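# Coordinates in review
These are the residues of each chain, in order.
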Amino acid sequence: MKKLLLLCMLGIFGLSCSQKVPENNKMGFSKEALAQKLEDEEGKSITVQQILDQHKGKILVIDFWAGWCRDCLKALPKAKELEENNKNIDFVFFSLDRSKEGFDKSLERFEMKDKENYWFASGWKNDFNNYIDLNWIPRYMVIDQKSDIAKYYAITPEDPEIQATIDKLLK
């Protein structure tokens, strides 16, 4: 009986913790989402709009991750492979670590210091993450050369639609 109860509890827990695919794929960002502030490694504040402006004219992949996220860490080698296979594409990493100290430690521990990293000091629930329906990490988005969303939702760097979207945008 105890085993049955445990299996039921695990099943319910598994269902409540799974990633939910957003109902609508968004093609752009709201003003509130673009105004969302993040921090860079030095602790300087920057908005999503400013980050996108820095990459305007280029294809950009946004990788949402955290050092405490097992799925993210498991995906890191494939994310690095995606980056290596697309040297002409820009990549930025949006961290959902719970503290600046955790963010800094994760960058060091997982050899991310040579990448473009930002941290949501405001936490998980903020205008940007709410707008894009972020309910789980890792998550990947492809942004086109005009700063519009080309690929709204991917949960693994191995999602073939990421590469297909990049290839289509390069034509």
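Residues numbered from 1 in each chain as written. Predicted model: local features only at pLDDT ≥ 70, side-chain atom pairs only at ≥ 80, totals over all residues. Heavy atoms only, no water.

The tally for this structure, following the rule as stated, stands at 9 aromatic pairs. Measuring from centroid to centroid gives 5.6 Å for phenylalanine 94 and phenylalanine 120, while their planes differ by 90 degrees, and the two rings are edge-to-face. With phenylalanine 94 in strand β4 (residues 90-95) and phenylalanine 120 in the loop between β5 (116-119) and α6 (127-131), this residue pair connects regions lying 26 residues apart in the sequence. Following the ring pairs from residue to residue traces out a cluster consisting of Phe29, Phe64, Phe94, Tyr118, Phe120 and Phe128. Here lysine 26 stacks its cationic end above the ring of tyrosine 131, 4.5 Å away from the centre of that ring. Positioned above the aromatic ring of tryptophan 68 is the side chain of arginine 98, whose terminal nitrogen or guanidinium carbon lies 4.2 Å from the ring centre. (Phe/Tyr/Trp six-rings, centres within 6.5 Å; stacked < 30°, edge-to-face > 60°. Helix = DSSP H or I, 4+ residues; strand = E, 2+ residues; numbered from the N terminus. Lys NZ or Arg CZ within 6 Å of the ring centre and 35° of its normal.)

Attention shifts here to helix α5 (residues 100-109). Those residues of α5 not exposed but buried are Phe103, Ser106 and Leu107. Angular distribution of buried residues about the axis of α5 spans 100 degrees; they occupy a single face of the element. Residues of α5 that are exposed and point over 90 degrees away from its buried face: Glu101, Lys105, Glu108 and Arg109. Where the residues of α5 are buried, they touch β3 (60-65), β4 and β5. (Buried < 20%, exposed > 50% of the residue type's maximum accessible area, 1.4 Å probe, protein only. Arc of directions from axis to C-beta. Contact = heavy atoms within 4.5 Å.)

On inspection of all chains with the given rule, the structure shows 1 disulfide. There is a disulfide in this structure between cysteine 69 and cysteine 72, and the S-S distance comes to 2.5 Å. Because the torsion about its S-S bond is 80 degrees, the bridge between cysteine 69 and cysteine 72 counts as right-handed. (Disulfide = S-S within 2.5 Å.)

Ranked by size, the top nonpolar core spans 48 residues in total, and within it Phe29, Phe64, Phe94, Phe128 and Met141 carry the most contacts. The residues touching phenylalanine 64, leaving out its near neighbours within four places in the chain, are Cys72, Phe94, Leu96, Phe120, Phe128, Asn129, Ile132, Leu134, Ile137, Pro138, Arg139 and Met141. (Core = buried A, V, L, I, M, F, W, Y, C linked by side-chain atoms within 4.5 Å.)

It is worth spelling out the side chain of aspartate 144 at this point. Of note, aspartate 144 is situated in the loop between β6 (139-143) and β7 (149-154). Beyond its immediate sequence surroundings of up to four residues, aspartate 144 is in contact with Lys58, Ala150 and Leu169.

Moving on: the pattern of salt bridges. All chains considered together, the criterion is met by 10 salt bridges. A salt bridge links aspartate 133 to lysine 26, with the shortest nitrogen-to-oxygen separation between them at 3.2 Å. Highlighted residues: aspartate 133 in the loop between α6 and β6 and lysine 26 in the loop between α1 (2-16) and α2 (31-34), separated in sequence by 107 residues. (Salt bridge = Lys/Arg side-chain N within 4 Å of Asp/Glu carboxyl O.)

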